[in-house]
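# Results of the structural survey
In case you want the letters, here they are:
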Amino acid sequence: MQAWLLDYLPLLIVLSSLLPGLLIFTLKEQQVALRTFLNLLGVTLKLVLVFLMWQGVKEGESYYYRIAFLPGADLILQADALSLLFVVLSSVLWLATTIYAIGYLEHSPLRSRFFGYFSLCVSATVGLALAGNLVTFLLFYELLTLATFPLVVHRGTPQSLAAGRRYLAYTLSGGLLLMLGVSLLHLLAGSPDFTPGGYLAPLLASGSILLQVAFALLIAGLGVKAALFPLHGWLPQAMVAPAPVSALLHAVAVVKAGAFGIVRVVYDVFGVEVVRALDLAWPLLFLAAFTILFGSWRALAQQDLKKRLAYSTISQVSYITLGVALLGPLAAVGALVHLVHQGVMKITLFFCAGNYAETLGIHKIRELNGVGRQMPMTSLAFTIGALGMIGIPPAAGFISKWYLGLGAAEVAQPWVILVFVLSGLLNACYFLPVVYRIWFGVQYSAWPSPQRLSSRFETHWMLLAPSMFTLGLILLMGLFASTELSPLSWSELIVEREFSFDD
Amino acid sequence: MFPALLLVTLPLSAALLMLLWPRFARSLHVTVALLSVPLAGYFLQQILLHGEQQWLLGGWSPLLAIRWQADSLSALLLLLSALLHLLVSGYALAVQARDRLPAAFWPLSSLLLASLQALWLARDLFNWYVCLELLGMVAVALVTLSGDKALKPALNYLLFSLFASLCYLLGVALLYAGYGALDLPLLAGQLEANRLNAMALLLITLGLMLKAACWPLHIWLPAAHAAAPAAVSALLSALVVKGPLFILYLVWTELAPQAFWLPASYLFALAALGALLFGGIAALRTPYGKSLVAYSTVAQLGYATLALAFVLRFNLPEFVAALWLFVLAHALAKAASFLAMGELQQTLGSKQVSALKGASQTMPLAMFAFAVAGGSLIGLPPSGGFLAKWALLLGLWQSQQYFWLLVLAVATLLAAAYVFRVVVLAFDRAEPTAPDFAPQRLPQYLALLPALAVWAMALFSMPLLTLLKQEL
Amino acid sequence: MIDLSHLLWPGAGLGFTSAVSQGWLLFTLLLWLLALLYSLSSQQQDPRAGRYWLFMLLCFAGNVLLIAAQDALSFYLGFSMMSLAGTGLVLHSGTKQARRAGRLYLQLAVIGELLLFSALVLRASAAGGLYDWQSWQNVPLDHLTISLFVLGLGLKAGFFPLHLWLPQAHPVAPAAASAVLSGAMIKAGIFGMWLFLPATDPLLQQWGQGVLWLGFVSAIFGALAALCQQKSKQILAYSSVSQMGYLLMLLSLSWLLPPAQQSLALIALVGYAAHHAFAKGALFLLAGSASRYRFGTGDQLLLGFFIVSLAALPFTSGAMAKTALKQATAAFALPAANLLYLGALCTALALCHLLMRLKAEQLALLSQTSASNMPWLQRGPVLLLAVAAVLLSWSGVMPASASVWLPLGITSYTSLSLQALTAAAIWAAIWPLLMALPTYYLLQRFAGSWLLQLGRRQRWVFFTSLKLKRLYQPL
């Protein structure tokens, strides 16, 4: 590849979904083939570019693209190991979700608008992953809010509008807090690039209160999207969106943006040393631990499948925050690898929930009785995903839980392991009865609204294939965790680079 | 000298010609609008090349002559006025047949442009009075173009405007009595901090705040702006209220003695607080679409007033930058949102906000324009509103004004609430309002144009700040 | 050992490196294969046979994997695979009993797994991020970790008081599944404790005494509780609780004994586990067949063989195992040694009871229908198990050349099995049995109905389990 092209690689990766997205907006509803083509073109292009970048970053190359933006804070797109983790996750899952969405929305109205915003959403996510400083991050964080809002209200029903209002109320407030925090830090230290080990250490001597305020503002702002305890209220309601949207919101785009931001702030802005010196990790740790248990507890009471999954997300995403707040390298590996694993597992679960809803009209958990016979493949995917969430090997969730547990023991916080155990227990309490119903339950009434979507498979192949794909990923990531390609190895690489600054 | 003179005289003479030959009014208007833009651009370039310039009209001595002065800020505002005027002209052309825009629009809006351009250039208290008076009269006349239902708000506007002019004139007279000069550079630094001067400045400030619709003197604005035709509202909200603000800024920073700065800053801060909170709340509650946008203007002016208050109190470059960035961003965003809202109301056939149900399907372009402009009003990156707010935030953090940070946060949330109040409705698919006729595309694109421009503003923050001669 | 750590999860390694794991693998594999063979016949008419085979094979794979594991993650994978797939076996019949037993099983299995998880995490962390046993051997334990291991693995092993699920779950599963559940799968708990609690650790000395007593209580309790039951499979399940108590005693002896004699206890442990696997497996298979087929004389002989073997009548594998146990206890000079006779008496009582109940069930069956003979596909595996049991007990008397194919651990069992052939040992094995017969008669005569009532006192378990379910799954 040409050298000049390499310089533009980060920008191209963002544009590879942005431009098709903008083009799709202009398409008419009937231009299905062209729209599908554009969608898939974008996906393929992005995957190829990401692959190139992945190769480069593995060899230690760095990509850097800069546009003038605010004074003292340029718009920077850069690729380090951490950003690539998130980029790969979102592009791969975008592939699955795009195919799923094409199948899911077949024959429904306003598809051009949907896919347009869908692509924008991924562009914002990727941009956020590649952001090289806080201001750039803030920019994409807000763009993500704007791009996802139309997806949340896509159905246009009163419930979805209410959900959309609530979503906006939360996320815009979060964005505002983030902006306050970013501007404060900008004043204190400027907005240099993200640096492993943080760049605020020199400021420690000159007073810590403002730094603490900035940290609180940043975390509160990011916590909204990461659904940390008092800020989680938008997430369960946002479930009214179509299944691919929920899948994307929960697995990749929105909640992960928050979690990823927390990772960035703790490791690359403040740095572990400063966080420790300022005693900032404790509140975050407790909050995350509480959220884990709270989310699981609330999930128990949900009778709607997607709602239950939503509360489960609240709980699971806080694993990442918890791992980060433990401030140890092993916990960091756990947190990062959970970012990927949780994404893949949760997207699988949402795909399955969507399959049930689309094929048989099942929304409530009690309607799932005996569905394992009718839709074995989907049910298998759901089961493995659920087992992974509980943390049972060989599903990927075990690996992340294991490292988080090790991390907790490493920094001598064994009570955190208790949190994991309790959460695992609660996870089992709300997932295993579902699994039981699927496989062992006896169907006692006809399916709510069965549709014949395929003559060969249990449902439309475009709905089935993505869930099978992610199911495969779950097992591969869990089984072949030590291979070079696995998220675990990549997370270890990141942590090596992030934590080696002080050696 | 020459381009500056042309910028004022061209629209002025064109307006007179239009009155003489109404048949050519439209073409004359368009020609002037088209010419003004490159002229203003050229002028800006000249200023950048040669620095600040001033002229004494007629070549008399400073005491007698009319002084014009142009720095890069003036040049920028000249360009902005010309651009927005061109845009609105285009919009008016596109919709005149449909909306039955009276022929009087053309000469009046040209006159409006002439008085505005003169205002940006003048540095003389009396000269400004003339500009203000002309601006006010023309604005009132433009509001009446909507027909009978606009008469009452227009009359209100007229009365307030006259009262404001009177106050201003009184203040100017007091100063003239004391110092025998009206020229700003001559007076600069001369004023002592005595009661008389305080009285004079208070009167001038009162008049200007009335005209700039600073809270709580804004009561005339929502009705007037909402009643006017969309093209007029856009001009009024985007440009006309900024004129008095410009004078207010210059009077206080250049003329007023430093001793008065602190009390004045409290006054402005109070006005800003009220504007930000009550303007926002009113916009949230009003049932009418254009009033919502008009109240938003009141609220947004609060930011500018706040910035002015802090310029007087702390004299940080951040606040000066914030003040003018707000003016620029708001001008663009408000033009876009008024045009979009006007277009939506016309097509959907109702003034009510609730009539916008489903507008994202029926009129996606206009709705998009409104939403994008709204993003700047909220202050989402990378819009101009964000840039301005960023500057304000940096200043506030630096001067440790934590209370005002809170106010800013609340105001931002209010802005988000009233903008998305509309946007969420537009996504309602349950019972969309059907358009009365097929939506026209061109006016919608024209509404989108300034919205997109304001969203790109932050990407050009460096050149803009250079023009404003401020550093963050 | 196969090192897979660059391919699979970190630290992954498989292999059978110690005598204990080789012996363990041998009897587990044998029991599994025979049980699967038996299933070919017993699940022939099962409409949900596919599901049955899936869960059986998953459990099988998990069971073998956990024995082969050389690292914590592999063990945990095998363990949880086996535990969770076991739920499918318990639930298989789909009756009300099966459902509630399945629920109880699953609840406790999940709790056990999470406890094990935290124990493993603590251990791996203490070992500095290494996951293989070799590195764990010399890392000192702490009380928290030990208790987590004992609880987590104990919930699988099912000794008192962690046995709650066992008597409910084993009887409801299909016969072959019960056989492996009782014969092989619960032993994974003991195997795990042997793996994770290395006898060299000084802290275990403090624990050994308590665990020994726990095992003893479990042995007595299981046998007595079996007496109160009416269904043969339930009696067998409680007998498993009792037998797990003996295994636990052997394990704790291996901690307590001086290093020179530790291997003695370990060999006894493997031998006893193998003996129990064969006998209990066969009895479950037979009990399953007894409810459907008419037993011929040969079948009754087989049944009798396994019952006396389990009752440790001389010349059976049970006698060898019990002698080994006594040897180990004696070596430690424990006062509990004499109490072992009490245990033997209780066991004998329970087995008498089993025999009576089986006979009653068989009579009931014959009175109702014209049941056919037991098919060879079911008799065959049981017969092979009998052969295995005989081989196990007599390997010591065989010439060395004949026993050379047996794995290392079993051949060292030789000395123990030879010691069982002394007159004193034979007498020691016989007299509790002789005492048991009149005691059983008297018990049934005078306290039969009381025992019956006592047996119904287990409802609270289901009640609690249901309460728990309502907690996380409100109506």
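An unreviewed UniProt entry lists chain B under the name Hydrogenase-4 component B / Formate hydrogenlyase subunit 3, from Alishewanella agri BL06.

Per an unreviewed UniProt entry, chain A carries the name NADH-ubiquinone oxidoreductase subunit L and comes from Alishewanella agri BL06. Looking at the Sequence similarities (unreviewed entry) heading of the UniProt record, one finds this comment for chain A: "Belongs to the CPA3 antiporters (TC 2.A.63) subunit D family."

## Here's the deal with the overall build of chain B
Secondary structure assignment for chain B yields 20 helices and two strands. A compact globule built from 472 residues should have a C-alpha radius of gyration of about 23 Å, and chain B, at 21 Å, falls within 12% of that. With the principal axes as the frame, chain B shows a C-alpha extent of 65 × 60 × 45 Å. A burial count over chain B gives 64% of its 472 residues as buried. A fraction of 80% describes how many contacts in chain B between residues 6 or more apart in sequence connect residues 24 or more apart. Accessible surface computed for chain B: about 16400 Å², of which carbon and sulfur atoms make up 68%. Averaging the positions of the 22 positive and the 15 negative side-chain charges in chain B gives two centres separated by 9 Å.

## A few points about the overall build of chain A
In terms of helices and strands, chain A carries 21 helices and two strands. A compact globule built from 503 residues should have a C-alpha radius of gyration of about 23 Å, and chain A, at 21 Å, falls within 12% of that. Seen through its C-alpha atoms, chain A measures out along the principal axes to roughly 70 × 50 × 45 Å. Within chain A, the fraction of its 503 residues that count as buried is 67%. Accessible area for chain A stands at about 15300 Å²; split by element, carbon and sulfur atoms hold 66% of it.

## Some details on the interface of chain B and chain A
If you look at the interface, chain B gives 34 residues, while chain A gives 36 residues. Buried area between chain B and chain A, summed over both chains or domains, comes out near 3200 Å², and the portion from carbon and sulfur atoms is 80%. In terms of surface lost to chain A, no three residues of chain B exceed Trp397, Phe427 and Arg429 of chain B, which account for 24% of the buried area on that side. Our count for the contact surface shared by chain B and chain A stands at zero salt bridges. On the surface where chain B and chain A come into contact, there are seven residue pairs in polar contact (both at pLDDT 80 or more). Secondary-structure elements contributing two or more residues to the side of chain B that touches chain A are helix H15 (359-362), helix H17 (384-398), helix H18 (402-426) and helix H20 (461-468) of chain B. Residue composition of the side of chain B that touches chain A, by class: 25 nonpolar, six polar and three charged.

## Focus: a positive patch on the surface
Together, Lys96, Arg99, Arg456 and Arg459 of chain C line one region of the surface with positive charge. Overall, Arg459 of chain C belongs to the exposed group, its relative accessible area being 57%.

## Describing the UniProt feature "domain: NADH:quinone oxidoreductase/Mrp antiporter transmembrane" (unreviewed entry) in chain B
Residues given the UniProt feature "domain: NADH:quinone oxidoreductase/Mrp antiporter transmembrane" (unreviewed entry) here are residues 122-414 of chain B. As annotated, residues 122-414 of chain B has a helix share of 79% and a strand share of 0%, and its two end C-alpha atoms lie 37 Å apart.

## Overview of the nonpolar core
Grouped together as the largest cluster of nonpolar side chains are 579 residues, with contacts concentrated most on Phe270 and Trp402 of chain A together with Phe75 of chain C. Here this core takes 22 residues from helix H14 (residues 317-348) of chain B, the largest share from any one element. The contact partners of Phe75 of chain C, leaving out residues within four places of it in the chain, are Leu66, Ala69, Leu116, Trp133, Leu153, Ala188, Phe191, Gly192, Leu195 and Phe196 of chain C.

## Details of the packing of aromatic side chains
For the coordinates displayed, the defined rule picks out 70 aromatic pairs over all chains. Residues Phe229 of chain A and Phe294 of chain A carry aromatic rings whose centres are separated by 4.8 Å and whose planes lie at 65° to one another, so their mutual orientation is edge-to-face. Taken together, the residues Phe229 of chain A in the loop between helix H8 (209-226) and helix H9 (234-237) and Phe294 of chain A in helix H13 (residues 281-300) connect sequence positions 65 residues apart. For Phe229 of chain A, a relative accessible area of 25% gives the class partly exposed. Judged by its relative accessible area of 17%, Phe294 of chain A is buried. Each ring, one from Phe246 of chain B and one from Trp324 of chain B, has its centre 6.0 Å from the other, and the planes form 65°; the classification is edge-to-face. A residue pair is termed long-range when its members are at least 10 positions apart, and Phe246 of chain B in helix H11 (residues 242-255) and Trp324 of chain B in helix H14 qualify at 78 residues. By relative accessible area, which is 1% here, Phe246 of chain B ends up buried. For Trp324 of chain B, a relative accessible area of 3% puts it in the buried group. Joined through ring pairs, the aromatic side chains of Phe75, Phe79, Trp133, Trp136, Phe149 and Phe196 of chain C make up one cluster. The residue whose ring lies beneath Lys225 of chain A is Tyr141 of chain A, and the NZ or CZ to ring-centre distance is 3.7 Å. The ring of Phe446 of chain C has Arg445 of chain C lying over it, and the distance from NZ or CZ to the ring centre is 5.7 Å.

## A few points about the side chain of Ser383 of chain B
Inspection of the secondary structure assignment puts Ser383 of chain B in the loop between helix H16 (364-378) and H17. Residues within four places of Ser383 of chain B in sequence aside, it is in contact with Gly375, Ser376, Val454, Trp455 and Ala458 of chain B.

## Focus: the pattern of salt bridges
Counting across every chain of the model gives 13 salt bridges over all chains. It is possible to trace a salt-bridge network through shared partners that takes in Asp80, Arg264 and Asp268 of chain A.

## What about the interface of chain A and chain C?
Residue-level contacts link 36 residues of chain A with 34 residues of chain C. Together, Trp402, Phe440 and Ser482 of chain A form the three largest contributors to the area buried by chain A at its contact with chain C, with a combined 21%. At the junction of chain A and chain C, the tally comes to zero salt bridges. Along the contact surface separating chain A from chain C lie three residue pairs in polar contact (both at pLDDT 80 or more). When residues of the side of chain A that touches chain C are traced back to their parent elements, those giving at least two are helix H18 (396-410), helix H19 (414-440) and helix H20 (461-479) of chain A. Looking at the side of chain A that touches chain C, the element that brings in the most residues is H19 of chain A, giving twelve residues.

## Overview of the pairing of strand E1 (residues 53-57) of chain B
Residues and elements named next belong to chain B. Residue alternation in E1 divides its side chains into a buried set, Gln53, Trp55 and Leu57, and an unburied set, Gln54 and Leu56. In terms of strand pairing, E1 meets strand E2 (residues 66-70) through five bridges, oriented antiparallel. For Trp55, the partnering residue across the bridge sits in E2 and is Trp68.

## Thoughts on a nonpolar patch on the surface
All names here are of chain C. Together, Leu37, Leu40, Leu377, Leu384, Val387 and Leu391 give the surface a local cluster of nonpolar side chains, amounting to about 460 Å² of exposed area. Top contributing element to the nonpolar patch by residue count: helix H16 (residues 376-394), with four residues. Relative to the helices and strands, Val387 resides in helix H16. Looking at Val387, the relative accessible area reads 46%, which means it is partly exposed.

## Notes on the side chain of His225 of chain B
All names here are of chain B. Locating His225 in the fold gives a position in helix H9 (residues 221-227). Since its relative accessible area comes to 1%, His225 is described here as buried. For His225, the side chain forms a polar contact with the side chain of Ser237, separated by 2.9 Å.

## Here we look at the environment of Leu442 of chain B
Checked against the element boundaries, Leu442 of chain B lands in helix H19 (residues 441-455). Spatially, the C-alpha atoms of Leu442 of chain B and Ala94 of chain B are 7.0 Å apart, while their sequence positions differ by 348 residues.

## Observations concerning the confidence of the model for chain A
With 99% of its residues at a pLDDT of 70 or more, chain A shows a mean pLDDT of 90. The element-level mean pLDDT for chain A is lowest in helix H1 (residues 3-7) of chain A, coming to 73, with helix H17 (residues 376-390) of chain A highest at 94.

## Quick look at the packing of helix H13 (residues 297-310) of chain C against helix H15 (residues 339-368) of chain C
Residue and element names in this part refer to chain C. For the pair H13 and H15, the least separation of the axes is 9 Å and the interaxial angle reads 160°. Between H13 and H15, the angle is such that the two are roughly antiparallel. Of the two possible hands of crossing, H13 and H15 adopt the one that is right-handed. On H15, the residues touching Leu303, Ile307 and Leu310 of H13 are Thr347, Leu351, Leu354, Leu355 and Leu358. Of the residues assigned to the contact of H13 with H15, the class counts are seven nonpolar, one polar and no charged.

Criteria and thresholds
- Residues numbered from 1 in each chain as written.
- Chains lettered and ligands numbered in written order.
- Predicted model: local features only at pLDDT ≥ 70, side-chain atom pairs only at ≥ 80, totals over all residues.
- Heavy atoms only, no water.
- UniProt positions renumbered as here; feature names shortened; annotations may be inferred.
- Helix = DSSP H or I, 4+ residues; strand = E, 2+ residues; numbered from the N terminus.
- Rg over C-alpha atoms; globule rule 2.2 N^0.38 Å.
- Buried < 20%, exposed > 50% of the residue type's maximum accessible area, 1.4 Å probe, protein only.
- Contact = heavy atoms within 4.5 Å.
- Areas by Shrake-Rupley, 256 points an atom, 1.4 Å probe, with all protein chains shown as cover.
- Lys, Arg positive; Asp, Glu negative; His and termini not counted.
- Charge placed at Lys NZ, Arg CZ, Asp CG, Glu CD.
- Buried area = accessible area lost by both parts, 1.4 Å probe.
- Salt bridge = Lys/Arg side-chain N within 4 Å of Asp/Glu carboxyl O.
- Polar contact = N/O pair within 3.5 Å; in protein donor to acceptor, adjacent residues only side chain to side chain.
- Nonpolar A, V, L, I, M, F, W, Y, C, P; charged D, E, K, R; others polar.
- Patch = residues over 30% accessible without salt bridge, like charges linked within 9 Å, V, L, I, M, F, W, Y side chains within 5 Å.
- Core = buried A, V, L, I, M, F, W, Y, C linked by side-chain atoms within 4.5 Å.
- Phe/Tyr/Trp six-rings, centres within 6.5 Å; stacked < 30°, edge-to-face > 60°.
- Lys NZ or Arg CZ within 6 Å of the ring centre and 35° of its normal.
- Pairing = 2+ DSSP bridges.
- pLDDT = per-residue confidence, 0-100.
- Axes fitted to C-alpha atoms, helices over the stretch in contact; angles between N-to-C directions.
- Parallel < 35°, antiparallel > 145°, perpendicular 65-115°, else oblique.
- Left-handed = near helix turned anticlockwise from the far one by under 90°.

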